[in-house]
Amino acid sequence: MTQMFENKVDLLVVDEVDQVIKLPGKYASSKQVLLRKEKPALGQVLVERILGVDTFEINQREMQSEAMEQVRRKKERLVRSKERKQAKAQKVEEVKETEAEEKEEQKQVSVTGTKRRDVQLVVSSATANHRLRNLISARSWVSHPPVVLRDSDLIKIPAITQHYCLVIDNEESIRNIKQQTSLGEENVHQSTYARHLEQKALSNKENPWVADIMSRTIKQQQSVMQLMAEVASNVINYMQPLGTVILFIRSDANSRQFTNVLRSYGIDARDIMDRYERVDCGSQSKSVVYLATEEAARGVDIPDTELVLILDVPKNIASYVHLSGRTGRFGRPGAVFTVVPVGKYGWYESKMQGVFSSLQITVQNAPFVE
């Protein structure tokens, strides 16, 4: 495969590079980090093959280097421990701690020893943090210091987009998200509300709206899909969008089953990848509804998207930015409805309040619910 790309590629563009590499999370365990080195993402392997970089050789060197580094750190800890004991006995200051982790990450730049092909590389992502940029430099993706173009305005939510959040307590209670109050009032409210939800959970252990998302039973998941589909239908009927509608569901949800549930409520949702197969969809007079996951919609641009529904809790702030950013583009108006379960002790509602607060989003109250 390496020979196939040799001297044939002058420019390589990698969009959503964070999804191509898929770095372990900030709080990933050492076992998870090691597993990613042993089994790198296929997209990363492909890019590095095109650049003439041996992924597995670099990973092997990095693991050997890290093993040696761990031995060195262990020796240093023993020495420091001994010095601290001596310092304590002599009543002097303790020895200073070692340097920051960020400097240790930069040491990886010298471990690759790989000669890179002369290919111009352009990578893009709205969520490329310093760890990702350091790794790109460390793995010989660039032969010179990279030129980083950043514009904080590009990752802000357009002011023209309207945001709504509906919280489901149970099958009979759907409401607007509670607005954050002052700290004292919020603590009193949350403690009272937590007790209320705890009593609900104890009285109905099968309530899927207070269950953890990752541990729902099949019966609970079916109840969630049923009510989510009903809410989506009500929102679409109320908003009467003229442009495209995108329904986002969790990556682990059964999209085929959910499509059938939506159809029972009169929503003919299509897989978002069908947009490439049915080029005439945008010319239809009736609004087109697409069903997608966050991963499937990466890099997909549908300019006439007027309404986005996020059904269930987004993974994090960056996830919400990506999902809601499918609408409100280039000065066009758009609306985003997030529909979430309340969660045990109001956890998921609290999480969404934090997302909106971090992004400085003013959440509107949907007039058709309490």
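These figures come from a predicted structure and were not determined experimentally.

(A) Representation of the overall build of the protein chain in the model. When its secondary structure is counted, the protein chain shows 12 helices and 10 strands. Considering only contacts in the protein chain between residues 6 or more positions apart, those separated by 24 or more positions represent 76%. For the protein chain, the accessible surface area stands at approximately 22,400 Å², while carbon and sulfur atoms represent 52% of it.

(B) Fine view of the confidence of the model for the protein chain. Confidence along the protein chain averages 75 in pLDDT terms, with 74% of residues attaining 70 or more. Note on residues 94-113: pLDDT under 50 across the span, and 29 contacts to partners over four residues away in sequence or across chains. Note that pLDDT drops below 50 for residues 182-189; the model gives that stretch three contacts with residues more than four away or on any other chain.

(C) Broad picture of the packing of helix α9 (residues 218-239) against helix α10 (residues 255-264). Their axes nearest at 9 Å, the elements α9 and α10 cross at an angle of 45°. In terms of axis orientation, α9 runs oblique to α10. Here the hand of the crossing between α9 and α10 comes out right-handed. Where α9 approaches α10, its residues Q222, M225, Q226, M228, A229 and A232 are matched on the opposing element by Q257, F258, V261 and L262. Partitioning the contact of α9 with α10 into residue classes produces seven nonpolar, three polar and no charged.

(D) How the structure looks around the packing of aromatic side chains. Within this structure, the stated rule accounts for four aromatic pairs. Plain terms: the ring middles of Y164 and F337 are 4.3 Å apart, the flat faces sit at 5° to each other, and that makes the pair stacked. A residue pair is termed long-range when its members are at least 10 positions apart, and Y164 in strand β3 (residues 161-170) and F337 in strand β9 (residues 334-341) qualify at 173 residues. Overall, F337 belongs to the buried group, its relative accessible area being 0%. Three or more aromatic residues joined by ring pairs make a cluster, and in this case those are Y164, Y238, F337 and F368.

(E) Quick peek at the environment of W141. By the element assignment, W141 lies in the loop between α7 (130-138) and β3. On the basis of relative accessibility, which here comes to 0%, the residue W141 falls in the buried class. Sequence separation between W141 and V47 is 94 residues, and the spatial gap between their C-alpha atoms is 8.8 Å.

(F) Representation of α10 within the structure. Taken as a whole, α10 has its buried residues at F258, T259, V261 and L262. Here the buried residues of α10 occupy an arc of 165° about the axis, which is enough to place them on one side. The outward face of α10, more than 90 degrees from its buried face, is lined by the exposed residues R256 and S264. Check the buried side of α10 and you find it contacts α9, β5 (244-248), β6 (269-271), β7 (289-292) and β8 (305-311). Taking the backbone nitrogen of R256 as reference, a side-chain oxygen 3.3 Å away marks N254 as the first, capping residue of α10. At the C-terminal side of α10, G266 shows a positive phi close to 85°.

(G) Structural view of the pattern of salt bridges. Scanning all chains against the criterion turns up four salt bridges. For E76, the salt bridge identified is with R80, shortest N-O distance 3.7 Å. Of this pair, E76 and R80 both sit in helix α5 (residues 55-89), four residues apart, which is roughly one turn of the helix. Taking the relative accessible area as the measure of exposure, E76 reaches 29% and is therefore partly exposed. Residue classification places R80 among the buried positions, given a relative accessible area of 13%. What emerges from the salt-bridge pattern is a single network uniting D169, R175 and E349.

Each value, and the rule that gives it
- Residues numbered from 1 in each chain as written.
- Predicted model: local features only at pLDDT ≥ 70, side-chain atom pairs only at ≥ 80, totals over all residues.
- Heavy atoms only, no water.
- Helix = DSSP H or I, 4+ residues; strand = E, 2+ residues; numbered from the N terminus.
- Contact = heavy atoms within 4.5 Å.
- Areas by Shrake-Rupley, 256 points an atom, 1.4 Å probe, with all protein chains shown as cover.
- pLDDT = per-residue confidence, 0-100.
- Axes fitted to C-alpha atoms, helices over the stretch in contact; angles between N-to-C directions.
- Parallel < 35°, antiparallel > 145°, perpendicular 65-115°, else oblique.
- Left-handed = near helix turned anticlockwise from the far one by under 90°.
- Nonpolar A, V, L, I, M, F, W, Y, C, P; charged D, E, K, R; others polar.
- Phe/Tyr/Trp six-rings, centres within 6.5 Å; stacked < 30°, edge-to-face > 60°.
- Buried < 20%, exposed > 50% of the residue type's maximum accessible area, 1.4 Å probe, protein only.
- Arc of directions from axis to C-beta.
- Polar contact = N/O pair within 3.5 Å; in protein donor to acceptor, adjacent residues only side chain to side chain.
- Salt bridge = Lys/Arg side-chain N within 4 Å of Asp/Glu carboxyl O.

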